[in-house]
Structure formats: structure tokens, C-alpha cells
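Descriptive structure summary
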Amino acid sequence: MQELIEIAGRHARGRRTRTAIPRVSIGRSEVATAPLPGVWGSGILFVLQGAKTVLIGDRALRYNPASYFIYTVETPTISQIVEASAARPYLAIGLTLDLQAVAALLVDHRPALGGDSFSTSPVDDDLLDALRRMMRLLGRPAEIPVLATLLEREILFRLLQGPQAGKLRELARADGHLSRIGRAIAWIRSHPHQPVRVGDLAEIAHMSSAAFYRHFKAATAMSPIQYQKQIRLLEARHLLIAQPGNVARVAFAVGYESASQFSREYARQFGSPPARDAARLLAEGETAIEVI
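In what follows, the accompanying structure is described. (Residues numbered from 1 in each chain as written. Predicted model: local features only at pLDDT ≥ 70, side-chain atom pairs only at ≥ 80, totals over all residues. Heavy atoms only, no water.)

Considerations on the environment of Gln 194
- Following the sequence through the fold, Gln 194 ends up in the loop between helix H6 (177-190) and helix H7 (198-205).
- Overall, Gln 194 belongs to the partly exposed group, its relative accessible area being 30%.
- A C-alpha to C-alpha distance of 6.3 Å links Gln 194 and Gly 255, two positions 61 residues apart in sequence.
- Setting aside chain neighbours within four positions, we find Gln 194 in contact with Trp 187, Gln 228 and Arg 232. (Helix = DSSP H or I, 4+ residues; strand = E, 2+ residues; numbered from the N terminus. Buried < 20%, exposed > 50% of the residue type's maximum accessible area, 1.4 Å probe, protein only. Contact = heavy atoms within 4.5 Å.)

Have a look at this one:
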């Protein structure tokens, strides 16, 4: 673990670093942060040092050192680094999921079953060793094109033997419920201004309304309406930062029919009214960026 921490710290550039290894990024922070909203796609977060909490819907995760969590669908989150210092910075590795690679492994290997969908898991020795060998490639970039794919495959294999394997198995199945929920989520993300109707989303997912609602809540820890509300508010926040100005215009752009309702829900989600929150984010710059 110490070698892995040293490698991640040496190659981190700022709070979030995309590395030369495909789909791999590094998060680093020397200070604890305020709660920061964001959206996590399908991927794995490995925390190496420090601690972080993540709120997903009505569920709370805590990452302690040497723990990980698999995100199966695009998920609105509120994350906060709670343990970090200059002497012992928060360090994490993010790996975006390659579903084709997971599906290929499922042909030959039977994954473990069970596990809680919303709890972090400890990194065991075999998984830690595979991560360490992958991150070593950052010091030998000429080897990345040859070895990175092999080591990523080993990491996915180790994850398929672990307590969160069931989520990976369902996600990689083209007809699995997570893949179907993912199609409905893609529709919500691409149509944030349109009203959400559970029946319509269930048709997209090829499920009954009752089954869709149950599986959606299991995957995201929130209802479809709650999910869309968080997506709308996050999109509004990005618009307010990119184009400061008319709050009512932004409210209508993301699907709200009432500017006053938008302002109330925005303040409830982010802690201050839209214009004030956007001004604060612009002033804070990089410190307002979520750390993986």
C-alpha cells in the first residue's frame, strides 16, 4: 500500500489527474473539503489514504483507507473529503468501467454473489497487488500499450471475486436490470427539461412500472423524480457558472416552470440561492471542483 500511495502522490497533478493509463485517474487533496455535488458514471473508486464520505440519495458511504466502491449507473452524489492534510493527503484512484472487458471475463469465470449495493468494501491483497503493478506503468510509459489492458483485466477479475461482484455481473449483462435502468437514466440525462413519467421510463427499460421503480431505487437510492431533480439542479449550476446572469432563464432552460420554486430547491440542495452560489464557485475556482 505504501508504494501505491507514493506512486499516486508522485503522479498527481492538482486535485484530479487523468493519467496516461486509459480510464485511470488520480484524486488528491491536502485539505478537507465542503460537501461537493457531482455525478459519478460507471466506475470504481479506490481510496488509498485519507477518508471521504459520499451521499447517494438516502444512503451514505464512508471510504476509509484501502476501500473501494463500484458505481454501476450515472449517479448524482454529494461527496466530502473528511480526512486530509499536507503530511497525509487524501489519495484515490478512479477506474472507469469497460463493460465489454467485464462481459468477456464473465464468459469464463463465475463471479461471487451477494453483497450490499451501498457499502464500501476492503481492498484485499490480490486486488491491491494488481493495482500496484498497474500504477507502476506510469513510470514506464512505453509499457502502457502492452500491459495496461492485461492488468486492467486482472483488476476486474479480482473485483468479480469480491463482495461487489454481483453489481458488475448485472451491469455487464445486456439484458440485466442495471443495463435497462441505465437506458432509462440515459433518457433522463438527455431530456432534463421534460417531465418524468415512471410508465414511460419503464417502457424504455422494458419493465413493468413496479419492477422499474424498485430496480431504479435499488440502483440510485432515489426515485426517478428525485433523480431528475438532482440532475436538473446540477445542470443549472453548470449553466450559472458558465453564463452568470439571469436565474429565471436558467430555471426555464433546465425544465422548471417556476423561477421561485427553482430558487427554493436550488438553495435546499446547495446551501445558498443560485446567484450567490454561482458567485462563490467562480471565486473559489479549483477548490470547488469535486475530488474523485
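Topic: helix H3 (residues 125-136)
- Helix length check: H3, at 12 residues, gives a terminal C-alpha distance of 16 Å against a target of 16 Å (1.5 Å per residue), a fit within 8%.
- Looking at the buried side of H3, the elements it contacts are helix H1 (2-11), strand E2 (24-29), strand E4 (43-49), strand E7 (67-71), strand E9 (90-96) and helix H4 (144-160).
- Its side-chain oxygen 3.3 Å from the backbone nitrogen of Asp 126, Asp 124 forms the N-cap of H3. (Expected span 1.5 Å × (residues − 1). Polar contact = N/O pair within 3.5 Å; in protein donor to acceptor, adjacent residues only side chain to side chain.)

What to know about the sheet that holds strand E1 (residues 16-18)
- A sheet is described by the order of its strands in space; here 6 strands give the open sequence E1-E2-E9-E4-E7-E10, paired in antiparallel fashion. For this open sheet the edge positions go to E1 and strand E10 (121-122), each flanked by a neighbour on one side alone.
- Across the sheet, H3 is in contact with E2, E4, E7 and E9; its angle to E2 comes to roughly 95°. (Pairing = 2+ DSSP bridges. Axes fitted to C-alpha atoms, helices over the stretch in contact; angles between N-to-C directions.)

Notes on the pattern of salt bridges
- The final tally for this structure, using the stated rule, is 18 salt bridges.
- For Asp 98, the salt bridge identified is with Arg 23, shortest N-O distance 3.9 Å. Within this pair, whereas Asp 98 is found in the loop between E9 and helix H2 (99-108), its partner Arg 23 is found in the loop between E1 and E2, the two being separated by 75 residues in sequence.
- Under the relative-accessibility criterion, Asp 98 is labelled partly exposed at 23%.
- Relative accessible area serves as the criterion here: at 34%, Arg 23 is assigned to the partly exposed category.
- In this structure, Arg 132 and Asp 129 form a salt bridge, with 2.4 Å as the shortest nitrogen-oxygen distance. Of this pair, Arg 132 and Asp 129 both sit in helix H3, separated by 3 residues, roughly a single helical turn. (Salt bridge = Lys/Arg side-chain N within 4 Å of Asp/Glu carboxyl O.)

What about the sheet that holds strand E5 (residues 51-56)?
- Ordered in space as E3-E8-E5-E6, the 4 strands form an open sheet in which the pairing is antiparallel. Either end of the sheet is taken by a strand with one partner, and the two such strands are strand E3 (36-40) and strand E6 (59-63). Taken pair by pair, the neighbouring strands of this sheet meet at an average axis angle of 30°, ignoring direction.
- Across 5 bridges, E5 lies against strand E8 (residues 75-83) in antiparallel orientation. Note that in E8 the partner of Leu 55 across the bridge is Ile 78.

Considerations on unusual backbone geometry
- Of note in the backbone geometry, Ala 66 takes a positive phi value of approximately 65° without being a glycine.
- Structurally, Ala 66 can be placed in the loop between E6 and E7.
- Positive phi, normally seen in glycine, also occurs at Ala 221, with a value near 60°.
- Tracing the backbone shows Ala 221 in the loop between helix H8 (209-220) and helix H9 (224-242).

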